[in-house]
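What follows is the residue order along each chain.
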Amino acid sequence: MLGFVNVLEEILVRETYIQIEELRPEIQPKVKVAEVVAYAINRLPPLFATSMKGWQYQYQYALNELQPQITQLVRQGIKAVLFGDPLHDLTPLPNHLFTNSAGVLYQLSRILGRKNLRWRDVPILVEATVSKTNSAININGQTVLQSDQETVMQDASYLNRHTKALLSSSKRFMEKQIAQKQQELRRQELCLQGSSLFVAQGLPYGNSWAYEKKVKDAVEMEYRALQAYTLQAQLGLVNVLEHLVYRAMERIAKPELYERINQNEVAAYALNRLPPMYATSDRGFKYLRQRIITEFARELVGAVRTGVMKVLQASYADVPPIYAYQFEREYEQSMQVLNSFFKREDISLHNIVLIVQDLLVCQSA
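Before going into details, it helps to say that this report is about the structure given with it. (Residues numbered from 1 in each chain as written. Predicted model: local features only at pLDDT ≥ 70, side-chain atom pairs only at ≥ 80, totals over all residues. Heavy atoms only, no water.)

Another point: the overall build of the protein. Secondary structure assignment for the protein yields 18 helices and six strands. Going through the 365 residues of the protein one by one, you find that 45% of them count as buried. Across the protein, contacts joining residues at least 24 apart in sequence account for 77% of those joining residues at least 6 apart. Split by element, the accessible area of the protein, about 20,200 Å² in all, is 53% carbon and sulfur. (Helix = DSSP H or I, 4+ residues; strand = E, 2+ residues; numbered from the N terminus. Buried < 20%, exposed > 50% of the residue type's maximum accessible area, 1.4 Å probe, protein only. Contact = heavy atoms within 4.5 Å. Areas by Shrake-Rupley, 256 points an atom, 1.4 Å probe, with all protein chains shown as cover.)

Enumeration over the complete set of coordinates arrives at nine salt bridges. In this structure, the salt-bridge partner of Arg-291 is Glu-295, at a minimum N-O distance of 3.3 Å. With Arg-291 and Glu-295 both in helix 15 (residues 282-295), this residue pair falls four residues apart, about one helical turn. With relative accessibility at 29%, the residue Arg-291 sits in the partly exposed group. Taking the relative accessible area as the measure of exposure, Glu-295 reaches 48% and is therefore partly exposed. Via salt bridges that share partners, Arg-118, Arg-120, Glu-222 and Glu-330 belong to a single interconnected network. (Salt bridge = Lys/Arg side-chain N within 4 Å of Asp/Glu carboxyl O.)

This paragraph deals with unusual backbone geometry. One non-glycine residue, Lys-343, lies in positive phi territory at about 55°. Here Lys-343 lies in the loop between helix 17 (324-342) and helix 18 (352-364). For Lys-343, a relative accessible area of 66% puts it in the exposed group.

Right, let's talk about helix 1 (residues 7-21) for a bit. Here helix 1 spans 22 Å end to end across 15 residues, near enough to the 21 Å set by a 1.5 Å rise per residue. Within helix 1, eleven of the 15 residues are buried, which leaves the element mostly enclosed by the surrounding structure. Along helix 1, the positions that sit buried rather than exposed are Val-7, Leu-8, Glu-9, Glu-10, Ile-11, Leu-12, Val-13, Glu-15, Thr-16, Gln-19 and Ile-20. (Expected span 1.5 Å × (residues − 1).)

The next thing to look at is the packing of aromatic side chains. Summed over the entire model, instances satisfying the criterion amount to seven aromatic pairs. Judged by centre distance (6.4 Å) and plane angle (20°), the rings of Phe-4 and Tyr-246 are stacked. Highlighted residues: Phe-4 in the segment before strand 1 (5-6) and Tyr-246 in helix 12 (residues 240-252), separated in sequence by 242 residues. The exposure classification of Phe-4 matches that of Tyr-246, with both residues buried. Three or more aromatic residues joined by ring pairs make a cluster, and in this case those are Phe-4, Phe-48 and Tyr-246. Cation over ring: Arg-224 sits above Tyr-59, and NZ or CZ is 5.0 Å from the ring centre. Between the NZ or CZ atom of Arg-273 and the centre of the ring of Tyr-269, over which it lies, the distance is 3.5 Å. (Phe/Tyr/Trp six-rings, centres within 6.5 Å; stacked < 30°, edge-to-face > 60°. Lys NZ or Arg CZ within 6 Å of the ring centre and 35° of its normal.)

In contact at an axis separation of 9 Å, helix 1 and helix 3 (residues 52-65) are set at 40° when each is read in the N-to-C sense. As far as their axial angle goes, helix 3 and helix 1 are oblique. You can see that helix 1 and helix 3 cross each other, and the crossing is right-handed. Residue-level inspection shows Val-7, Leu-8, Glu-10, Ile-11 and Arg-14 of helix 1 in contact with helix 3, the latter providing Trp-55, Gln-58, Tyr-59, Ala-62 and Leu-63. (Axes fitted to C-alpha atoms, helices over the stretch in contact; angles between N-to-C directions. Parallel < 35°, antiparallel > 145°, perpendicular 65-115°, else oblique. Left-handed = near helix turned anticlockwise from the far one by under 90°.)

A separate point is the nonpolar core. With 95 residues, the main nonpolar core has Trp-119 and Met-249 as its most contacted residues. Per element, the largest residue contribution to this core is eight residues, and it comes from helix 17. Filtering out sequence-adjacent residues up to four positions away, Met-249 remains in contact with Tyr-258, Ile-261, Gln-263, Val-266, Ala-267, Val-304 and Val-308. (Core = buried A, V, L, I, M, F, W, Y, C linked by side-chain atoms within 4.5 Å.)

A word on the side chain of Glu-328. Here Glu-328 lies in helix 17. Among buried charged residues, Glu-328 stands out as having no salt bridge; its nearest opposite-charge side chain is Arg-329, 9.9 Å away. Reaching out from Glu-328, the side chain makes a polar contact with the side chain of Ser-101 at a distance of 2.3 Å. (Lys, Arg positive; Asp, Glu negative; His and termini not counted. Polar contact = N/O pair within 3.5 Å; in protein donor to acceptor, adjacent residues only side chain to side chain.)

Structural data, given as structure tokens:
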């Protein structure tokens with residue numbers, strides 16, 4: 001479960017794009033954003049967070065205390081990428097490193113042509129693609145759908161009409177999100193204080209400046225969270241330590257304890273006490289992984305063990321988690337819906353991308 005985030009990732013990506021814009025046009029395409037971010041983030045203190053309060057604290061700390069270092073390191077990173085080792089390894093990271101809910105969601109967003117795709121949208125888009133066929137569609141030797149409706153072979157124009165409401169532009173996406181957030185906040189405020197204050201002041205409920213700002217801020221935060229959720233997959237960037245921290249956690253904690261503790265809190269605690277080790281290439285990943293095992297194994301185990309004890313002593317019941325928890329719940333629910341829709345039990349992160357690709361091929365045939 002991706003229940004934490006290093007707030008520096010978002011900040012460094014933004015700073016990198018700002019500085020790239022200042023370069024000459026012919027140089028800009030040569031700068032690989034992922035490599036600049038990895039260069040800078042590996043030289044800054046880790047700032048992982050698991051809650052919205054923690055995210056806000058870490059984010060403000062980065063802007064207030066680390067901005068000069070961030071600017072300087074990004075500048076140095078761009079120079080290193082442009083004028084560094086000509087034999088620099090360009091072999092991309094293996095695909096299996098991105099076979100998680102965030103990485104697969106990013107792959108699906110590219111296949112389906114929807115920039116702001118969320119897991120909750122995936123079953124709707126898939127069903128829209130295959131809802132009007134009466135023949136069994138065979139994928140990888142398995143029948144995935146059987147319907148009595150007339151087969152409709154959609155051409156490009158039909159597809160555009162049929163999915164127009166689903167494949168919305170960023171503007172329509174934001175408008176939809178604002179409307180949904182207004183409804184959520186309206187329900188919350190009705191429960192907490194009721195609408196009597198708005199009625200007493202003669203104001204339409206939900207139309208005050210403060211209310212509208214609250215809605216827009218919440219939508220912007222959710223949009224940023226979605227971008228951060230899939231950021232590593234977008235860039236081709238991984239934190240080598242993450243997987244090793246979870247493996248150490250499994251070995252240290254007994255099975256019953258491992259299932260009971262907040263694993264993301266333990267991971268974030270440990271990662272905040274270990275040097276960042278981000279990689280953008282296969283060779284870089286292997287090098288950093290071996291370095292962790294040979295040089296930092298004791299520190300890693302110690303940080304995880306202390307994290308387990310700290311988390312067991314703390315309470316997180318009233319702490320709102322980051323949006324990644326919501327995205328993870330959407331993923332779990334979408335898998336259930338897709339398995340039910342296709343009348344299968346084996347649809348997972350390992351095959352959903354291929355299934356969707358084959359459905360699109362069948363539809364356009």
